[in-house]
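Spelled out, the chains give:
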Amino acid sequence: MKITQEVGHRERILAILAFPICGVLLILSGLYLYLAPQLPDVESLKAVKFETPLQVLSRDGRLIAEFGEKHTTPLTYEQIPPIYIKAILAAEDDQFFQHEGINTKGLARAFVDILRTGSIQSGGSTITMQVAKNYFLSQERTFSRKFTEILLAKRIEDSLSKQEIMTLYVNKIFLGHRAYGIGAAAQVYYGKRINELNLAEVAMIAGLPKAPSAFNPVSNPKRALIRRDWIIGRMLSLGYISQAEHDKALQAPIGLNFRATFSEVNAPYLAEMVRSALVHEFGEDIYTSGYKVYTSVSARRQNAASQAVIEGLLAYDRRHGWRGPEKAKSLDGMYPVGGLLPAQVTAVGEKTIEAILQNGTAVTIDWEGMSWARPYVNVNRVGPSPARAADIAKAGDIIRVRARKTGSWDLLQVPAVQGQLVALDPDTGGLEAVVGGFDYTTSKFNRSLQGWRQAGSTLKPFIYSSALEHGYTPASLINDAPITFGEGDNIWQPGNSDGEFLGPITLRQALYRSRNTVSIRLLQAIGVDTARSYLARFGFPPDKMPRNLTLALGSADVLPIQMAAGYAAIANGGLHVTPWFIDHVVDKTGKVLFKANPERVCRECETAPATTEPAATEITGEGQNLDVTEPPAAAMPFVASYPVAPRIMGARTAYQMQSILRDVINRGTGRAALALGRGDLAGKTGTTNDAKDAWFAGFGGKLVAVAWLGFDQPQTMGRVEYGGYAALPLWNSFMGPALAGVAEYQPAVPAGLSPVRVNLDSGQRTGADDPRGVNDWIQIEKLPALPETAAPGTPAATGPQVAPEDLF
């Protein structure tokens, strides 16, 4: 009787449940019949094209910048590290490789949520279901959307392999801070490629899909660390890692190297140059095109240039004293500038300053890092050295700091002065590096390409080259003596920077010692119009050149890139190259859309091979001996397969100017470059009136570089800030690493020059025992007279001499 009652009770329960179960089944069946025809075609996933940004790369493939709404770095399955696959399985779906797209336990949990709350609280989504959602569905949490997700997941599993599904997943998931996919996340959070991450870092990224904001290591480091450690524990329990690996990973710090905009090469000014050019050529669609633009720059040299500009400007800034803390009252809204981090002073000791960074890190500035901070008075004067830290800052101040290699911290400030460096290959014109200012985020003005400034003495080599092409030689004598123009209120009496005059000196000595009065006399002799036409050959705009003798002192306005192109012509032997920076552009498939074909130096093109008689050569083939007569070599120059750079200055003049500019470094105003320990360096310092501009332009090892410092609104930088003091150290800081491992380059001597030992004072030929003798290269038709044939006291006839009235 009892058994019968129990059976009847179960039957009543089943009867009661039958109605809702049947109802649910009917609803599901109806939904299926309604939704199935509307489901998207999952076959489209096999040909999915990821929205990839425009990428700008160095010539060696290092990332400079990305332009687009999203950070993406699509990977193939083979590029996904196995350790990441294990981490994401532990975090999201450890049965991924066993199930058919649906996790029944997770779905049951979601179904209970619907019955209890009317909406889905927990996901219950497998990786396959997340792929369906990410590629086809919205983010709303409703039953119909969930059911559609299930149907799509089943179809995806039927159409794609597990490897294809995993690849789609890791490339699409949003991981915070505009990073879509694990390749981009590795760059954004750690500044590394995904295959360079360690276990702890992989687990951190694997924890982001569940809640990119809540578990974000930048905004919520504590919760992110808890999530990371939980995943590492899951990996151990699933047998994916050993106990030792587990323990080591748990001990690892978060170790972020967060970059909202990531790159491997510090070249923001170049990136903007490329972006602007590509928009002009291809339109606004380039931002999601996936195009890759390979530039001409070297990653190593570009990074060296960026560091050289930063260090050069900071060095100037420290020389001129501490201007005090920043005006901001808190760290809110502040950002790094030129690598200098904002920090708020929390405590001031006798010889230390304690501060806190924006990420909460506490730092200590020791006395070594702040003792430089004598108060700024003006560009020519600083106050007394600080005696204690309280002389420099107080609690609450906002300052700038930077870590030293030793782990200590330096107090620094954002320089008010600006600078630039541009470098190029003198044989092709291809840019090797370009830095348009101290920091792109604070000033997008590209001084390398947009900053018109007076050239100063860096223009003199072109005036002297024109003189060499009009009958002068390096041994010609010109008088370094006072000279006066005009009278009364219109009088002009140019002098030399040292206030002294040396009397008659050789052209060579006048240039490497940068004698202003000699430059003016040379310009008088050749004519202003002749000089202007000559300068125009090198790319200097005539409308920026004055029609008077101040041109001899560099009063023309030039761009640093123009100066680099001009010096390239001297360095390459007298040929004009046009600066360029985009080497080639490829689309997503690797198809080349553009390939640069610039004019370049072709030395063989100017060398005619000797004509030879036909030569008989015996060729053996298939048992037959055949006499073949080869045609004679063509009695014409080598024909290049590329556009050839045109000649704009004589080869002899270029070689002579190279030699003189090497003396600028060996004997003259550029002696600081001797610290680089190379024998092929040549260049010229330049300083404008009141030291408003400081320049150094030079070359060596087949690399030309131009450095400039000055205020954007021209004003004096200080009475000692000459080109050799302010700009040359910056140039050195770049050329040192840029030429590391590069052999010295010594060009061949062109025909028509003869080596002659010349006395620096008289310009006459002299013997090896003459202490004032130098080895020079003179045009064979202008060789100075031998000492025994020259009349006593008569200067050597080595070119046009200055008029007698100009000697006094």
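Residues numbered from 1 in each chain as written. Predicted model: local features only at pLDDT ≥ 70, side-chain atom pairs only at ≥ 80, totals over all residues. Heavy atoms only, no water.

1. Concerning the overall build of the protein
Along its length, the protein carries 20 helices and 27 strands. A total of 808 residues make up the protein; the buried ones form 50% of that total. For the protein, contacts bridging at least 24 residues in sequence account for 69% of all contacts bridging at least 6. Accessible surface, the protein as shown: approximately 37,200 Å² in total, 55% of it carbon and sulfur. (Helix = DSSP H or I, 4+ residues; strand = E, 2+ residues; numbered from the N terminus. Buried < 20%, exposed > 50% of the residue type's maximum accessible area, 1.4 Å probe, protein only. Contact = heavy atoms within 4.5 Å. Areas by Shrake-Rupley, 256 points an atom, 1.4 Å probe, with all protein chains shown as cover.)

2. Quick look at the environment of Trp-367
With respect to the element layout, Trp-367 can be found in the loop between β8 (362-365) and β9 (376-378). In the structure, Trp-367 is positioned 22 residues away from Ala-389 in sequence and 7.7 Å away in space, judged by C-alpha atoms. With near-sequence residues (within four places) excluded, Trp-367 lies in contact with Lys-351, Pro-386, Ala-387, Arg-388, Ala-389 and Ile-392.

3. Thoughts on the state of the cysteines
Under the criterion given, the structure shown has 1 disulfide. The disulfide that involves Cys-602 links it to Cys-605, with 2.0 Å between the sulfurs. Torsion about the S-S bond of the Cys-602 and Cys-605 cystine: about 80°, corresponding to right-handed handedness. The class for Cys-605 is buried, based on a relative accessible area of 14%. (Disulfide = S-S within 2.5 Å.)

4. Observations concerning the sheet that holds strand β24 (residues 693-700)
The sheet built from 5 strands is open, its strands ordered β14-β13-β25-β24-β23 with antiparallel pairing. Each edge of the open sheet carries a strand with a single partner, namely β14 (431-435) and β23 (682-687). Neighbour-to-neighbour, the strand axes of the sheet open up by a mean angle of 10°, direction not taken into account. For strand β13 (residues 418-424) and β14, the ladder comprises 4 bridges, and the chain directions are antiparallel. Across the sheet, Leu-424 pairs through a bridge with Leu-431, a residue of β14. Strands in contact with helix α12 (residues 299-319) are β13, β14 and β25 (703-710); relative to β14, the strand with the most contacts, it is inclined by about 35°. (Pairing = 2+ DSSP bridges. Axes fitted to C-alpha atoms, helices over the stretch in contact; angles between N-to-C directions.)

5. Quick look at the pairing of strand β12 (residues 409-412)
Every second residue of β12 is oriented toward a common face, with Trp-409 and Leu-411 on one face and Asp-410 and Leu-412 on the other, all of them buried. Sheet topology places strand β11 (residues 398-403) next to β12; 4 bridges connect them, and they run antiparallel. Residue Arg-400 lies in a different strand from β12, and its bridge partner there is Leu-412. Between β11 and β12, which follow one another and run antiparallel, lie 5 residues, and Gly-407 among them has a positive phi close to 100°.

6. Topic: the side chain of Asn-496
Take Asn-496: it is sitting in the loop between β16 (477-480) and β17 (503-506). You can call Asn-496 buried: its relative accessible area is 8%. Looking at Asn-496, its side chain comes within polar contact range of the main-chain oxygen of Glu-500, at 2.8 Å. In this view, Asn-496 contacts Asp-480, Phe-501, Arg-515, Asn-516 and Thr-517; residues no more than four positions away in its chain are not counted. (Polar contact = N/O pair within 3.5 Å; in protein donor to acceptor, adjacent residues only side chain to side chain.)

7. Things to note about the packing of aromatic side chains
Applying the stated criterion to the full structure yields 13 aromatic pairs. Consider the rings of Phe-96 and Phe-97, whose centres lie 4.9 Å apart with planes at 75°: the pair is edge-to-face. Between Phe-462 and Phe-540 the ring centres are 5.1 Å apart and the planes differ by 70°, which places this aromatic pair in the edge-to-face class. Of the two residues, Phe-462 sits in helix α14 (residues 460-468) while Phe-540 sits in the loop between α17 (528-537) and β18 (557-558), which places them 78 residues apart along the sequence. Feature note: the residues Phe-462, Tyr-534, Phe-538, Phe-540 and Tyr-567 constitute an aromatic cluster, connected by ring pairs. Against the face of Phe-96 rests Lys-162, its NZ or CZ located 4.5 Å from the ring centre. One cation-aromatic arrangement involves Lys-351 over Trp-367; the distance from NZ or CZ to the ring centre is 4.1 Å. (Phe/Tyr/Trp six-rings, centres within 6.5 Å; stacked < 30°, edge-to-face > 60°. Lys NZ or Arg CZ within 6 Å of the ring centre and 35° of its normal.)

8. So, empty space enclosed by the protein
Considering all chains together, one arrives at 1 cavity of 30 Å³ or more under this definition. What the largest cavity holds in volume is close to 130 Å³. Ala-571, Phe-699, Gly-700, Lys-702 and Tyr-745 are, among the 17 residues lining the largest cavity, the residues nearest its centre. Split by residue class, the lining of the largest cavity holds 8 nonpolar, 4 polar and 5 charged. (1 Å grid on protein atoms, 1.4 Å probe; cavity = no way out; pocket = protein on both sides within 12 Å on 5 of 7 lines; lining within 4 Å. Points joined across faces, edges and corners; volume = space filled by probe spheres on them. Nonpolar A, V, L, I, M, F, W, Y, C, P; charged D, E, K, R; others polar.)

9. A short note on the environment of Thr-428
If you trace the backbone, Thr-428 turns up in the loop between β13 and β14. For the pair Thr-428 and Ala-645, spaced 217 residues apart in the sequence, the C-alpha separation amounts to 8.3 Å. When sequence neighbours within four positions are dropped, the list of residues in contact with Thr-428 reads Val-577, Thr-578, Trp-580, Pro-598, Glu-599 and Arg-600. Within the local environment of Thr-428, its side chain forms a polar contact with the backbone nitrogen of Gly-430, the two atoms lying 3.1 Å apart.

10. Details of helix α16 (residues 516-526)
Across the 11 residues that make up α16, a large majority, 9, are buried. Looking at the buried residues of α16, the elements they touch are α14, β16, β17, α15 (507-512) and α17. The first or second residue beyond α16 is Gly-527, which carries a positive phi of 95°.

11. Regarding the pairing of strand β26 (residues 753-759)
The buried fraction of β26 is high, at 5 of 7 residues. For β26 and strand β27 (residues 773-779), the ladder comprises 7 bridges, and the chain directions are antiparallel. For Val-756, the partnering residue across the bridge sits in β27 and is Asp-776.

12. Description of the packing of helix α8 (residues 199-206) against helix α9 (residues 221-237)
Two elements in contact, α8 and α9, have axes whose closest approach is 8 Å; the angle formed by their N-to-C orientations is 110°. One way to sum up the angle between α8 and α9 is to call them roughly perpendicular. Two packed elements cross with a definite hand, and for α8 against α9 that hand is right-handed. Residues Leu-199, Ala-200, Ala-203, Met-204 and Ala-206 of α8 form the contact with α9, whose participating residues are Ala-224, Leu-225, Arg-228, Ile-231, Ile-232 and Met-235. Among the residues making up the contact of α8 with α9, the classes are represented as 10 nonpolar, no polar and 1 charged. (Parallel < 35°, antiparallel > 145°, perpendicular 65-115°, else oblique. Left-handed = near helix turned anticlockwise from the far one by under 90°.)

13. Considering the sheet that holds strand β1 (residues 54-57)
The strands that make up a sheet pair up through hydrogen bonds in the backbone, lying either parallel or antiparallel. Spatially, 5 strands are ordered β2-β1-β5-β19-β20 in an open sheet, and the strand pairing comes out mixed. Edge positions in the sheet fall to β2 (63-67) and β20 (592-595), since each has one partner strand and no second. Mean inter-strand twist for the sheet, computed between neighbouring axes without regard to direction, equals 15°. As paired elements, strand β19 (residues 582-586) and β20 share 3 bridges and run antiparallel to each other. Looking across to β20, one finds that Val-585 is bridged to Phe-594. Together, β1, β2, β5 (292-295), β19 and β20 form the strand contacts of helix α11 (residues 268-282), whose direction differs from that of β2 by roughly 45°.

14. Topic: unusual backbone geometry
Here Ala-691, not a glycine, exhibits a phi torsion of approximately 55°, which is positive. Relative to the helices and strands, Ala-691 resides in the loop between β23 and β24. Positive phi, close to 60°, is recorded for Lys-702, a residue that is not glycine. Within the secondary structure, Lys-702 sits in the loop between β24 and β25.

15. As for helix α20 (residues 723-738)
In an α-helix, one turn spans 3.6 residues; hence positions three or four apart end up facing the same way. Pro-729 marks where α20 bends most, by close to 25°. Every buried residue belonging to α20 is among Gly-723, Ala-726, Ala-727, Leu-728, Leu-730, Trp-731, Asn-732, Phe-734, Met-735 and Ala-738, and all of these are buried. Considering only its buried residues, α20 is in contact with α12, β13, β14, β23, β24 and β25. (Bend = angle between axes of the 7 residues up to and from the residue.)

16. Digging into a nonpolar patch on the surface
A contiguous nonpolar surface patch, about 240 Å² in accessible area, is contributed by Phe-282, Leu-593 and Phe-594. Tracing the backbone shows Phe-594 in strand β20. (Patch = residues over 30% accessible without salt bridge, like charges linked within 9 Å, V, L, I, M, F, W, Y side chains within 5 Å. Salt bridge = Lys/Arg side-chain N within 4 Å of Asp/Glu carboxyl O.)

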